[in-house]
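Structure at a glance
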Amino acid sequence: MQQPETGSNNIRLNHVAKHFGSEVAVKDLELEIEDKELLVLLGPSGCGKTTTMNMLAGLEEPTSGEIWFGSRQVTNVPAEQRDVAMVFQTFALYPHLNVRGNIGFGLKTRGTSKDVIAQRVSEISHLLHIEELLDRKITELSGGQRQRVSIAKALVRKPFLFLLDEPFSSIDAILRRELRTEIVRIHREVKTTMVFVTHDQEEAMSIADRVAVMRGGELMQVGPPLSLYDEPANLWVAKFIGAQPTNVVPANLGERGGMAGLFDGSCAMQVDEGFFDRVAAATDSRTVTLGVRPEFVEVSAASRGASSLAARVYTLQVLGNQILYDLEIGTNHLLAITSSREHFRVDQSVFVDFDWPNVMAFDAVSEARLKI
Ligand code: ATP
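Computed from a predicted structure; not experimentally measured. (Residues numbered from 1 in each chain as written. Predicted model: local features only at pLDDT ≥ 70, side-chain atom pairs only at ≥ 80, totals over all residues. Heavy atoms only, no water.)

Topic: the pattern of salt bridges
All told, the structure shown has 19 salt bridges when counted by the stated rule. Residue E60 is joined to K18 by a salt bridge in which the shortest nitrogen-to-oxygen separation is 3.8 Å. Here E60 is found in the loop between α1 (49–57) and β4 (64–69), whereas its partner K18 is found in strand β1 (residues 11–20), with 42 residues between them in sequence. What makes E60 partly exposed here is its relative accessible area of 23%. Assessed through its relative accessible area of 10%, K18 is described here as buried. A salt bridge links D83 to R157; the shortest N-O distance between them is 3.8 Å. (Salt bridge = Lys/Arg side-chain N within 4 Å of Asp/Glu carboxyl O. Helix = DSSP H or I, 4+ residues; strand = E, 2+ residues; numbered from the N terminus. Buried < 20%, exposed > 50% of the residue type's maximum accessible area, 1.4 Å probe, protein only.)

Structure below.
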C-alpha cells in the first residue's frame, strides 16, 4: 500500500473492510476523497454508508485496510484526535444551553479564549443565517433551525473533515430542498472536505461534486453526478440514478438492418444501424440489455415505420411541464417522459420510438455497461 505524497490533503481508504461477525458491512473499499470536495456516499439502506462514515470519523475500526488523511495514517487513531466533525440526522445539541452556548461548546472545552469564541460564533452564525437565534433555547427552535445550529456547532472549529450522515432526513421536503442549497453554499464558503451520506439519489445528485455509489458493502462507481447519469458502470447504477427508473429492455439485435426481438421476443423493432454497429464493435453477443431512460422514449400518434412499437397509454402523471407515461406494449411496460405540449389520453393507441444515440447497452450476463 502506497503512502500518499506528502503535502496532499486528500483522504484515502486503501482496501478498507469492516466485518461485524459474519456480516460484511464494507468490502475492500478503495476510495480517494479529494481535498475540499463535497463527496456524497449514496446507496440503499444497509449498503455500508454509515459504517464507512464511522470509520472515517474514528468511531469504528476497520477489520482490514488503511485510512490516510493526507500523509497521516489515521486507521487506529481515536475520533477525538482526528479533527473530524459530524452531524447526524438526530440533533446532538445540549438542551440546557442556548444556541450561542451550543455553538461555542467545543471551542470552550478546548480552552479557546472568550474573544476568539465570540468571533468564531459570530462568523459561523452569520454564514448559517442564524444570528437572530443565538439567545434562544434549543427547545424554542424548529427542526430546520436545530439542524442549522448542529451544522454551525460542527463547523465552528474548522475541522479537517466534515461528515454529515443523512442530516436532513427528519426534515420536511420543502425545507430539505432549501437546506441542500445551503449546504452547497456553505461548502463553497468554508472550503472544508465534506462527506455527506444519503440514500436519496436526487439529494446526492443535487449537491455533490462527486457521488460514490455503494451497494451491499461494495463501491459500485464514483464520479461527478452527470457522469453517473450518462455513463453508469452497470445496469444497477443506471437504475438507481435518475428521477424516474430506467427502462430495462432485453434485446436480441439480430442482423444489421433487420428486426430485433425485444423483451421476451414478443415484440419486434428495427434498430438504428449506427446503434447496431456500435454494439457490434463492443461485443460479439447479439443478446444485450438495453437501458432506455424515460426521457429518451419518444411517443407519437403516428407510426414512423419499422422502428416504431405500437403501444397503449396505461397511466399518466403530470409532472409540471412534463408528462410521465406508463405505456403498455403487449404484456410489457415502458415509461416515457414527454413535454406536456403534446398530450395523449389514457387508453389512447400511440407509437414508441427510441432516441438511439442516448440508448445504453449492457452485457446481458455481467450487466456491465458496454462502451458504445
Ligand atoms: P442505512 O441507510 O439504513 O443507515 P447504511 O448504508 O448506512 O444503512 P450500515 O449502517 O453501514 O448501512 O450497515 C451496513 C451493514 O452492516 C448492514 O447489513 C448492517 O446490518 C450491518 N451492521 C452495521 N452496524 C452493525 C453492528 N454494529 N453490528 C452488526 N451489524 C452491523
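Things to note about the domain arrangement of the protein chain
Domain boundaries in the protein chain define domain 1 (11–233) and domain 2 (244–363). Each of domain 1 and domain 2 has a C-alpha centre, and the two are 41 Å apart. Residue-level contacts link 4 residues of domain 1 with 5 residues of domain 2. Taken over both partners, the interface formed by domain 1 and domain 2 buries close to 330 Å², and the fraction arising from carbon and sulfur atoms is 51%. Counting across the interface, domain 1 meets domain 2 through 0 salt bridges. Inspection of the region where domain 1 meets domain 2 yields 2 residue pairs in polar contact (both at pLDDT 80 or more). The class makeup of the residues in the side of domain 1 that touches domain 2 is 3 nonpolar, no polar and 1 charged. (Domains from an automatic or database assignment. Contact = heavy atoms within 4.5 Å. Buried area = accessible area lost by both parts, 1.4 Å probe. Polar contact = N/O pair within 3.5 Å; in protein donor to acceptor, adjacent residues only side chain to side chain. Nonpolar A, V, L, I, M, F, W, Y, C, P; charged D, E, K, R; others polar.)

Section: the site of the ligand
Residues in close proximity to the ligand include F20, E23, A25, P44, S45, G46, C47, G48, K49, T50 and T51, which together make up its full environment. Here an oxygen atom of the ligand and a backbone polar atom of G46 are 2.7 Å apart. Between T50 and the ligand, the recorded distance is 2.7 Å, taken from a side-chain N or O atom to an oxygen atom. Looking at the shell around the ligand, the elements with two or more residues in it are β2 (23–33) and α1. Considered class by class, the residues forming the shell around the ligand number 4 nonpolar, 5 polar and 2 charged. (Near = heavy atom within 4 Å.)

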